[in-house]
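Now for the letters of each chain:
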Amino acid sequence: MKTFKPKIALFLLFLISILFFSNDFGLIDIEKTAIITAIAIDKAEDGDYLVTCQIAVPEATGAVSENQKAQMSGKGSTVGGAIKTMGSLSGWFPQTIFCNLIIVGNDLIDQDVIGVLDYFSKTMRVQDSAQVVLAEKKAKDLLSVSTPLDNISSFAIQKILLKNPGFDQDVCPVDIKTFCVGYYGESKSSYMPLVKIISAEDPEKSGDSSGGGSGSGGSGSEQSSESQGDTKTKGTNAFDATTTALFVKGKKVGELDKTLTHTFNMITKKINGTAFSIDDVDGVNYLVTVKTDDSMTCVKADQNQLSVNIDINLYCQVSDQTKVGNSSVFESNDVMSEKLIAIAETRIAQNVEELFAVIRQTGCDFLGIKEKLYRFNHKQYSRYKDNYLQVMDTRVNVKLQGQS
């Protein structure tokens, strides 16, 4: 018995050694692996899917200090088939496990986008945490743009989507899992950021996303590859994702502008460190920073009424103002006046009411009211499930406390 266990251990070690030296555990040679960082999906002229992948190209030498990228495109009747086509035509194995960004082209919003995203939600080759966004125009155009600080556009987009605490929470990021949960949920409602290309030198003017540099060339070929290191658009453009696209049953039904996107975040997440403007208070413009946020959404239902209560409690301080000639401007912490607090509370409440107006108009329940009704008021669910958007009574309570 004492010699039996060592023999078993030696046998297992011998077996593992055989697997390692004969098959290398099935690993693919790095020189034949295409590490995909982003996938852009558009509709081709013939109705098929045109999938463009941004690839981080492995270099054989360590002399290159800058990340290199390339694009490769493939066509297919399905998204998975298009990705497989790229591997077959190029000889590179498309490794999507590192892909953290899925871009949907604007020409796909008239159909059910779940037909595009279902593949990524079910396959084990893509992370559930991969972010999904909607392009203002062609999805592949976003991959051809380089920002002043990032050569690889997918990394730049991820930075504005996934911000650390302390940054302004002005974007509503959503991953594949969350989008599909909303789609298959009770309200059939989802959302995703709408990404626009803007000029980095003049943010007021939108960049021309059609000018530059598609790898497909419009010839209908199923595969293309190009180096983007010398792109003409390098360093001249940036991305804006403060607009949120709304979907019902997979089809786009509306948008939330920058102000409403910020208000949506104020209700659904912690926005500590986020700054917002309160303009024209006795001719003075203020920049107010949220220090702490305590917001809550409550859905209550009985036989007589369905009520949705939004409570927003903010502790803020004035970070900047245009007022001059007052000794308070020299203080490190400006005190918020009662009038400024009252105006801020009124405007935030108006924005929340406008959010509810968008919900009623588009039918997109991005606040998850029906889901809360189903989970926490199930006895009344059958009574209100078909007309809850029309009969719900909304109550908004905004309490803003200024630094004293």
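Relevant structure appears above.
Residues numbered from 1 in each chain as written. Predicted model: local features only at pLDDT ≥ 70, side-chain atom pairs only at ≥ 80, totals over all residues. Heavy atoms only, no water.

> How do you make sense of the pattern of salt bridges when you look at a structure like this?
Side chains that carry opposite charge are capable of pairing whenever their charged atoms lie near each other. Summed over all chains, the structure comprises seven salt bridges. Taking the shortest distance from any N to any O, the salt bridge between Glu255 and Lys252 comes out at 2.6 Å. Residue class for Glu255 comes out partly exposed when judged on its relative accessible area of 39%. Measuring nitrogen to oxygen at the nearest pair gives 2.6 Å for the salt bridge that ties Asp282 to Lys339. Taken together, the residues Asp282 in the loop between strand 11 (275-281) and strand 12 (284-301) and Lys339 in helix 8 (residues 338-362) connect sequence positions 57 residues apart. (Salt bridge = Lys/Arg side-chain N within 4 Å of Asp/Glu carboxyl O. Buried < 20%, exposed > 50% of the residue type's maximum accessible area, 1.4 Å probe, protein only. Helix = DSSP H or I, 4+ residues; strand = E, 2+ residues; numbered from the N terminus.)

> In this structure, what is going on with the pairing of strand 6 (residues 131-135)? I would like to understand it.
The two faces of a sheet get side chains in turn, since along a regular strand they alternate between them. Counting buried positions along strand 6 gives five out of five residues, so the element sits mostly inside the fold. Here strand 6 shows two buried faces, one formed by Gln131, Val133 and Ala135 and the other by Val132 and Leu134. As a crossover connection, the stretch from strand 5 (residues 101-104) through helix 3 (residues 114-122) into strand 6 is right-handed. Relative to strand 7 (residues 189-199), strand 6 runs parallel, the two being bridged by two bridges. Bridge assignment links Ala135 to a residue of strand 7, and that residue is Val195. (Right-handed = clockwise from strand over helix to strand, strands pointing away. Pairing = 2+ DSSP bridges.)

> Quick question: what am I supposed to make of the nonpolar core here?
Nonpolar side chains tend toward joint burial in soluble globular proteins. Counting 84 residues, the largest nonpolar core has Ile39, Ile41, Leu117, Phe120 and Phe366 as the members making the most contacts within it. By residue number, the principal contributor to this core is helix 8, which donates nine residues. What Leu117 contacts, discounting residues up to four positions off in sequence, is Ile102, Val104, Val132, Ile176, Phe179 and Met192. If you look at the next biggest cluster of nonpolar residues, it comprises 18 residues, including Leu101, Ala139, Leu143 and Leu161. (Core = buried A, V, L, I, M, F, W, Y, C linked by side-chain atoms within 4.5 Å. Contact = heavy atoms within 4.5 Å.)

> Whenever I open this one, the side chain of Ser295 confuses me. Can you help?
On the secondary structure map, Ser295 appears in strand 12. Polar contacts involving the side chain of Ser295 include one to the main-chain carbonyl oxygen of Met266, which spans 3.1 Å. With sequence-adjacent residues up to four places away left out, Ser295 is seen in contact with Met266, Ile267, Asp311, Ile312 and Asn313. (Polar contact = N/O pair within 3.5 Å; in protein donor to acceptor, adjacent residues only side chain to side chain.)

> Quick question: what am I supposed to make of the environment of Val132 here?
As for its placement among the helices and strands, Val132 is situated in strand 6. Using a relative accessible area of 0% as the deciding quantity, one classes Val132 as buried. The contact partners of Val132, leaving out residues within four places of it in the chain, are Ile102, Val104, Leu117, Val174, Asp175, Ile176, Phe179, Met192 and Pro193.

> Just to check I follow, could you spell out the packing of aromatic side chains for this structure?
Each aromatic ring pair is characterised by the separation of its centres together with the angle its planes make. This model, assessed by the stated rule, comprises six aromatic pairs. Taken together, a centroid distance of 5.8 Å and an interplanar angle of 75° make the contact between Phe179 and Phe247 edge-to-face. Of this pair, Phe179 sits in helix 6 (residues 176-184) while Phe247 sits in strand 9 (residues 237-248), and the two are 68 residues apart along the sequence. Residue Phe179 is classed as buried on the basis of its relative accessible area of 1%. Among the residues examined, Phe247 registers a relative accessible area of 1% and is labelled buried. An aromatic cluster is defined as three or more aromatic residues linked by ring pairs; in this entry it consists of Tyr191, Phe264 and Phe366. (Phe/Tyr/Trp six-rings, centres within 6.5 Å; stacked < 30°, edge-to-face > 60°.)

> Looking at this structure, how should I read the pairing of strand 2 (residues 49-56)?
Within strand 2, seven of the eight residues are buried, leaving the element largely enclosed by the surrounding structure. Relative to strand 2, strand 1 (residues 33-43) runs antiparallel, the two being bridged by eight bridges. Each bridged residue has a counterpart across the sheet, and for Lys43 the counterpart in strand 2 is Tyr49. In this structure, the hairpin formed by strand 1 and strand 2 is closed by a connection of five residues, where Gly47 is found at a positive phi of approximately 95°.

> I would appreciate a short explanation of helix 7 (residues 258-268) in the present structure.
Within an α-helix, residues lying three or four positions from one another point in the same direction, as the helix has 3.6 residues per turn. Of all 11 residues in helix 7, eight are buried; the element is thus mostly enclosed. Along helix 7, the residues classified as buried are Leu260, Thr261, His262, Thr263, Phe264, Asn265, Met266 and Ile267. Where helix 7 begins, the side chain of Asp257 points an oxygen toward the backbone nitrogen of Thr259, at a separation of 3.3 Å.

> How should I be thinking about the packing of helix 2 (residues 79-90) against helix 3 in this particular structure?
Helix-helix packing is characterised by the crossing angle of the two axes and by the distance between the axes. Contact geometry for helix 2 and helix 3: axes closest at 9 Å, N-to-C directions at 65°. Comparing their axes, helix 3 and helix 2 come out roughly perpendicular. Across from Val79, Gly80 and Ile83 in helix 2, the residues of helix 3 making contact are Val116, Tyr119 and Phe120. Residue composition of the contact of helix 2 with helix 3, grouped by class: five nonpolar, one polar and no charged. (Axes fitted to C-alpha atoms, helices over the stretch in contact; angles between N-to-C directions. Parallel < 35°, antiparallel > 145°, perpendicular 65-115°, else oblique. Nonpolar A, V, L, I, M, F, W, Y, C, P; charged D, E, K, R; others polar.)

> What is the right way to read unusual backbone geometry from this model?
Leaving glycine aside, a negative phi is the common case for residues, and trans is the common case for peptide bonds. Residue Lys188 is not a glycine yet carries a positive backbone phi of 60°. Summarising the element assignment, Lys188 is placed in the loop between helix 6 and strand 7. The backbone of Asp280 shows a phi angle near 55°, a positive value even though the residue is not glycine. With a relative accessible area of 56%, Asp280 lands in the exposed category.

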